[in-house]
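Structure assessment
If you want the building blocks of each chain, they are given just below.
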Amino acid sequence: MTQQAEASRPHIPLQDRLRQLLEGPVALDKRALLGTLYAEVSRYESLAYAAGWNDALATTRRASRRDDDA
């Protein structure tokens, strides 16, 4: 999924999303449930990792601009 598509998805806290999966109307077998949970956790980890890189790049750019201004 692209970053733009990710950004357009509503943000649901991981705990709420997991509750939706566990208590949803569709009964999943164990293998399907574990696969779905793994995909959800992986997606959240990827978003957090990307956010960390974006924060680090922004910090570096700000520091670079301050150095240029000095």
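Calculation criteria
- Residues numbered from 1 in each chain as written.
- Predicted model: local features only at pLDDT ≥ 70, side-chain atom pairs only at ≥ 80, totals over all residues.
- Heavy atoms only, no water.
- Helix = DSSP H or I, 4+ residues; strand = E, 2+ residues; numbered from the N terminus.
- Buried < 20%, exposed > 50% of the residue type's maximum accessible area, 1.4 Å probe, protein only.
- Contact = heavy atoms within 4.5 Å.
- Salt bridge = Lys/Arg side-chain N within 4 Å of Asp/Glu carboxyl O.

1. Some remarks on the environment of Tyr-44
The topology assignment puts Tyr-44 in helix 3 (residues 30-69). Given the relative accessible area of 15%, Tyr-44 is considered buried. Discounting residues that sit within four places of it in the chain, Tyr-44 has contacts with His-11, Ile-12, Pro-13, Leu-14 and Arg-17.

2. Here's the deal with the side chain of Glu-40
With respect to the element layout, Glu-40 can be found in helix 3. Setting aside chain neighbours within four positions, we find Glu-40 in contact with Arg-17 and Leu-21.

3. As for the pattern of salt bridges
Proximity of charged atoms lets side chains of opposite charge pair with each other. In this structure the tally under the stated criterion is one salt bridge. Residue Asp-16 pairs with Arg-19 through a salt bridge whose shortest N-O separation is 3.0 Å. A residue pair is termed a helical-turn pair when its members lie 3 or 4 positions apart in one helix, as Asp-16 and Arg-19 do in helix 2 (residues 14-23) at three residues.

In short, the description is geometric, and any link to function would need to be established separately.
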